[in-house]
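Topology and contacts: notes
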Amino acid sequence: MNAFEQNPGEEFRNSILTSIPMGLLAKPADQADAVMWLCSDQARTVTGDSAGRRGYPADKQTSRPGAAGAAPHKSSRTSQRSTYMTAHNLDFGGRVAIVTGAGQGMGRAHAKMLASRGARVVVNDLNADNATSAVAEITAGGGTAVADTNNVVTGAETIVQSAIDAWGQLDVVVNNAGINAFGTFWEMDRDTWWRVFDVTVKGVVEVSRAAMPHLIASGTGRLINISSNGLMGVPLDSAYSAGKAAVWGLSIGLAAEAREVGVQVTTLMPVAWTPMTRDAFQNPVVQEAMKENVPPEAVSAFVTYLAHQDTTTYADTFEIAGVAAGRVAIAGMERVDAVAATPEAWVEQAEALTKDGEMRVFHNASESFRDQMVHLAPELDSVLPKDAANVERV
Ligand SMILES: NC(=O)c1ccc[n+]([C@@H]2O[C@H](COP(=O)([O-])OP(=O)(O)OC[C@H]3O[C@@H](n4cnc5c(N)ncnc54)[C@H](O)[C@@H]3O)[C@@H](O)[C@H]2O)c1
């Protein structure tokens, strides 16, 4: 049984179906949510029984304007629904979100899930047909969204203005738009290389800069930047790797100053089966593994969790694939000492320098800097400030 096949017993579910007034729930998706929640252990904890409606989230008991209804997972397999079910739907209470590149793939899934929890969403995508159809899908489900077809590189101010014009506020930005192109670094067409880098980096920078004043005004602004484990190195993909590394650096760098003004910045390295991965991964075994285990909606669940006003993180980076998320940190191996500051002394240490071993996590530049200094001169431990760059981790 994989992670998507946890299923409450058929008999138990049927007993619930006959015991709750399903007519009070507005939409089939709400009803499905209700059943799944009532089947959960959490429901039993809250209600004290297996089938009562007591304790079920109020917003699911009657029709709620602005909610598209929960759509936990697109698959028709009931077994997959349960994986995405939460006891209490996170309520975005009319918060306003921009999701860039939301016409297809993960961005579309993020926009839909945020809208299903009551957020009003700007669906940005260069592809106008896809942006429009995503908005139509959200509104057909009872959600609220507008389409925006500006390029994240050149139209950032207008994208942000779309949110302000429509609803007068902006609380969440998911910088998701991205492109990729493969080719040998030194042979690849120069414009193609820079286009990938620009959409990846400049798009995030421009949208984030335009959004910051509004995210600050929100009081609980959330900036979620989509990077990639591609930054760890993918052959023939240097523009993408470089760009995604820059997004990571930008996010970590920005997190400290953004925290001071109430904006939370998080970086994600997602993996999902989307048009982008369909084009990138030709191996049928890999394709099947991805189709089965990493639907875009799973990443959306994590994005929606992070985007919520009650979720607290600081300068964190997460890998997210399916129902598994892992925090990614910068870590360093045990330091290797040369007997003297000469090139020849490093020749002696060539093997030690490249050996894997014990690692320490560096949460910020101060930690790394201080660690280096104290390694060289232990007496500095008592005099160097703990937080030389004033970015103490919360
Ligand atoms: N799919 C994965 O496994 C994976 C892994 C790591 C990172 N990512 C990143 O996640 C994000 C979403 O990936 P996906 O797989 O859903 O991709 P996708 O190709 O399916 O969707 C990307 C969307 O972005 C839009 N877009 C591209 N350039 C744009 C621009 N300049 N302005 C506005 N919209 C633009 C495209 O039209 C498209 O709809 C990307 O940033 C990607 O690099 C994806």
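Parameters and conventions
- Residues numbered from 1 in each chain as written.
- Predicted model: local features only at pLDDT ≥ 70, side-chain atom pairs only at ≥ 80, totals over all residues.
- Heavy atoms only, no water.
- Salt bridge = Lys/Arg side-chain N within 4 Å of Asp/Glu carboxyl O.
- Helix = DSSP H or I, 4+ residues; strand = E, 2+ residues; numbered from the N terminus.
- Buried < 20%, exposed > 50% of the residue type's maximum accessible area, 1.4 Å probe, protein only.
- Phe/Tyr/Trp six-rings, centres within 6.5 Å; stacked < 30°, edge-to-face > 60°.
- pLDDT = per-residue confidence, 0-100.
- Contact = heavy atoms within 4.5 Å.
- 1 Å grid on protein atoms, 1.4 Å probe; cavity = no way out; pocket = protein on both sides within 12 Å on 5 of 7 lines; lining within 4 Å.
- Points joined across faces, edges and corners; volume = space filled by probe spheres on them.
- Nonpolar A, V, L, I, M, F, W, Y, C, P; charged D, E, K, R; others polar.
- Near = heavy atom within 4 Å.
- Polar contact = N/O pair within 3.5 Å; in protein donor to acceptor, adjacent residues only side chain to side chain.
- Areas by Shrake-Rupley, 256 points an atom, 1.4 Å probe, with all protein chains shown as cover.
- Sits in = over half its atoms within 2 Å of the grid points.
- Axes fitted to C-alpha atoms, helices over the stretch in contact; angles between N-to-C directions.
- Parallel < 35°, antiparallel > 145°, perpendicular 65-115°, else oblique.
- Left-handed = near helix turned anticlockwise from the far one by under 90°.
- Lys, Arg positive; Asp, Glu negative; His and termini not counted.

Under the criterion given, the structure shown has eight salt bridges. Across the salt bridge formed by Lys-112 and Glu-137, the nearest N and O atoms sit 2.7 Å from each other. A residue pair is termed long-range when its members are at least 10 positions apart, and Lys-112 in helix α5 (residues 105–116) and Glu-137 in helix α6 (residues 128–140) qualify at 25 residues. Of the residues examined, Glu-137 reaches a relative accessible area of 33% and is grouped as partly exposed. Taking the shortest distance from any N to any O, the salt bridge between Arg-360 and Asp-371 comes out at 2.4 Å. Of this pair, Arg-360 sits in strand β10 (residues 359–362) while Asp-371 sits in helix α15 (residues 365–376), and the two are 11 residues apart along the sequence.

A separate point is unusual backbone geometry. Phi is positive for Leu-236, close to 65°, though the residue is something other than glycine. Residues other than glycine seldom take positive phi values, yet Ala-315 does so here, at roughly 55°. Structurally, Ala-315 can be placed in the loop between α12 (296–307) and β7 (317–321).

Moving on: the packing of aromatic side chains. Following the criterion strictly, the structure yields six aromatic pairs and no others. With a centroid separation of 5.5 Å and 85° between ring planes, the pair formed by Trp-194 and Phe-197 is classed as edge-to-face. Here the residue Trp-194 and the residue Phe-197 both occupy positions in helix α8 (residues 190–218), the gap between them amounting to three residues, near one helical turn. Residue Trp-194 is classed as partly exposed on the basis of its relative accessible area of 45%. When the centroid spacing of 5.8 Å and the interplanar angle of 40° are considered together, the rings of Phe-302 and Tyr-305 count as tilted. Placement of the pair is Phe-302 and Tyr-305 together in helix α12, with a separation of three residues, close to one helical turn. Overall, the relative accessible area of 39% leaves Tyr-305 in the partly exposed class. Pairwise contacts between aromatic rings join Phe-185, Trp-193, Trp-194 and Phe-197 into one cluster.

This paragraph deals with the confidence of the model for the chain. In this model, the chain carries a mean pLDDT of 81, and residues with pLDDT of at least 70 account for 76%. Note on residues 1–87: pLDDT is under 50 here. Beyond four places in sequence and across chains, it has 156 contacts.

Estimated volume of the largest pocket: approximately 1100 Å³. Taken together, 42 residues line the largest pocket, and the ones lying closest to its centre are Gly-178, Ile-179, Asn-180, Tyr-240 and Met-276. Broken down by secondary-structure element, the contributors of at least two residues to the lining of the largest pocket are α5, α8, α9 (238–260), β6 (263–271) and α10 (275–280). If you tally residues by element for the lining of the largest pocket, the top one is α10, at five residues. Looking at the lining of the largest pocket residue by residue, the class counts come to 19 nonpolar, 18 polar and five charged.

Attention now goes to the site of the ligand. In the vicinity of the ligand, 27 residues are found, and the nearest of them are Met-106, Asp-125, Asn-176, Tyr-240 and Thr-274. A distance of 2.6 Å separates an oxygen atom of the ligand from a polar side-chain atom of Tyr-240. Here Ala-272 contributes a backbone N or O atom positioned 2.9 Å from an oxygen atom of the ligand. Coverage of the ligand by the protein chains reaches 93% of its 820 Å² of free accessible surface. If you map the ligand onto the pockets, it falls in the largest pocket. Of all elements in the fold, only α5, α9, β6 and α10 reach the threshold of two or more residues within the shell around the ligand. Sort the elements by how many residues they give to the shell around the ligand and α10 lands first, with three residues.

Interhelical geometry of α5 versus α6 gives an angle of 25° and a closest axis separation of 10 Å. Relative to α6, the element α5 is oriented roughly parallel. You can see that α5 and α6 cross each other, and the crossing is right-handed. Of the residues in α6, those in contact with Arg-108, Ala-111, Lys-112 and Ala-115 of α5 are Asn-130, Ser-133, Ala-134, Glu-137 and Ile-138. Its residues assigned to classes, the contact of α5 with α6 shows four nonpolar, two polar and three charged.

Glancing now at the side chain of Asp-125. Its place among the elements puts Asp-125 in the loop between β2 (120–124) and α6. Although buried, Asp-125 forms no salt bridge, and the nearest oppositely charged side chain, Arg-108, lies 8.0 Å from it. Here Gly-103 takes part through its backbone nitrogen, which lies 2.8 Å from a polar atom of the side chain of Asp-125.

Attention now moves to the packing of helix α7 (residues 156–167) against α8. Between α7 and α8, whose axes approach to 8 Å, the crossing angle comes to 35°. In this structure, α7 meets α8 at a crossing whose hand is right-handed. Two secondary-structure elements touch here, α7 through Ala-156, Glu-157, Ile-159, Val-160 and Ile-164 and α8 through Glu-206, Val-207, Ala-210, Ala-211 and His-214. For the contact of α7 with α8, a count of residues per class yields seven nonpolar, one polar and two charged.

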